[in-house]
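Next come the chains, spelled out residue by residue.
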Amino acid sequence: MIIVMRHGATTEEILHVEERIRREGLQPHRSGGVDTTVIGVIGTPPYGMLDRMELLPGVERVTRITKPYKLAAREFTASPTVINVGAAAIGGPGVVLMAGPCSVETREQLLTAARGVQAAGAHVLRGGAFKPRTTPYSFQGLRDDGLALLAEARAETGLPIITEVMEPSKVPAVYEVADVLQIGTRNCQNYPLLHEVGRTDKPVMLKRGLGCSIDEWIQAAEHIMDQGNMQVMLCERGIKSFETYTRNTLDLSAVPVAKRLSHLPVIVDPSHATGKWYLVKPMAMAAVAAGADGLLIEVHPTPDTALCDGAQSLTIENFADLAASVQQIAQAVGREPAALPEDVPVAAG
Ligand code: PEP
Ligand code: MN
């Protein structure tokens, strides 16, 4: 249920509505738009509540949300969600760049990538410590040692960290190091894991399941939000199709669709979507033109030696080229370059 307050409703009226929601045993979630206040109601409304709320002073209208997701629904808030990560405001006017290696491999590899992507304009450093690999015989990640290296990279560069958590029992360890908890495509519908990250206070990036419809993906986000964590961003990373030239098929229409259905920020990962480094820049530019709030890009100092996903990884130079082109597209479609942290030392090297 959502309660839209009348234009010019007083603070007293808004507080009164919120108090009445609590008295019904539910929680209010207030959001302010340009000239309206919307109060989302968290929980299942008891019989007759809609009628009771409609009578309160300052209330314009009360609507029931009939979709299978409520907290993630566009109607639930008056304005899109903005998630602050370091100095970046994801979902704000700027396009946020998250970049780094597929996997953390060595200290030197990670720090070289971190310094390189930071100098090129990245706002967040990516790097997998726990890797979901299709075959058990591939490199599975440095696990806890990888987390320690990510912490070191964060301490040196000041870049916030996004890294994947694959199992509920590892949420506390990843939480210690990560600024954004990443849920990978294979775990998009792993509900125990979604509930566990939903009980934390860190932003979560939820990758679309490779076989998930947009509706299923947003319902997965709802599982996280239903546990109390509203800081969820969606990430389109390509879905399975009959096409084999690319690793997956980037569903760019999912960007405006998800933004129409939901208030959550939408990120695009053209690296896993295409599987080929030379397709990453054109798809990154197209994603920003389609309205993406940010990009997740794999960058490796030497892609030909990468232990994972070298074929889709950009060199640092190619990432710098992508960042410049993306900014041009961002400006052309009325977005801004996202602010870089002012207090972060740009490391030499
Ligand atoms: C990743 O980003 O490291 C990753 C494994 O991606 P996905 O879950 O989209 O395959
Ligand atoms: Mn990868």
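Residues numbered from 1 in each chain as written. Chains lettered and ligands numbered in written order. Predicted model: local features only at pLDDT ≥ 70, side-chain atom pairs only at ≥ 80, totals over all residues. Heavy atoms only, no water.

### A short note on the site of ligand 1
The full set of residues close to ligand 1 is Arg126, Lys131, Pro132, Glu164, Gln182, Gly184, Thr185, Arg186, Lys207, Arg237 and His272. Here an oxygen atom of ligand 1 and a backbone polar atom of Thr185 are 2.8 Å apart. Arg186 places a polar side-chain atom, nitrogen or oxygen, 3.3 Å from an oxygen atom of ligand 1. Calculation on ligand 1 without its partners gives an accessible area of 300 Å², and the protein chains cover 97% of this total. When grouped by side-chain class, the residues that make up the shell around ligand 1 number one nonpolar, four polar and six charged. (Near = heavy atom within 4 Å. Polar contact = N/O pair within 3.5 Å; in protein donor to acceptor, adjacent residues only side chain to side chain. Areas by Shrake-Rupley, 256 points an atom, 1.4 Å probe, with all protein chains shown as cover. Nonpolar A, V, L, I, M, F, W, Y, C, P; charged D, E, K, R; others polar.)

### Considerations on the coordination of the manganese ion (ligand 2)
Coordination of the manganese ion (ligand 2) by the protein comes from Cys102 (SG), His272 (NE2), Glu298 (OE) and Asp309 (OD), over a distance range of 2.0 to 2.4 Å. Motif for the manganese ion (ligand 2), donor spacing along one chain: C-x169-H-x25-E-x10-D. Note that Glu298 is positioned in strand β14 (residues 294-298) and Asp309 in the loop between β14 and α11 (316-332), a separation of eleven residues in sequence. Accessibility classification places Glu298 together with Asp309 in one group, the buried group. (Donors = N, O, S within 2.8 Å, 3.2 Å for Na, K, Ca; no water. Helix = DSSP H or I, 4+ residues; strand = E, 2+ residues; numbered from the N terminus. Buried < 20%, exposed > 50% of the residue type's maximum accessible area, 1.4 Å probe, protein only.)

### Observations regarding the confidence of the model for the protein
On average, residues of the protein carry a pLDDT of 95, and 96% of them reach 70 or more. Every residue in residues 341-349 is under pLDDT 50, and counting partners more than four places away or in other chains gives twelve contacts. (pLDDT = per-residue confidence, 0-100. Contact = heavy atoms within 4.5 Å.)

### Side note on the side chain of Lys207
With respect to the element layout, Lys207 can be found in strand β11 (residues 204-207). Residue class for Lys207 comes out buried when judged on its relative accessible area of 5%. Within the structure, Lys207 has its side chain in polar contact with the side chain of Asp269 (distance 2.6 Å). The residues contacting Lys207, other than those within four sequence positions of it, are Gln182, Ile183, Gly184, Thr185, Cys188, Trp217, Cys235, Arg237, Asp269, His272 and Leu296.

### Notes on helix α7 (residues 214-225)
Along an α-helix, a turn takes 3.6 residues, which lines up residues three or four apart on a common side. The end-to-end C-alpha separation of α7 is 17 Å, in line with the 16 Å expected for twelve residues at 1.5 Å each. What α7 keeps buried is the set Ile214, Trp217, Ile218, Ala220, Ala221, Glu222, Ile224 and Met225. Buried residues in α7 make contact with α6 (191-198), β11, β12 (232-236) and α8 (254-261). (Expected span 1.5 Å × (residues − 1).)

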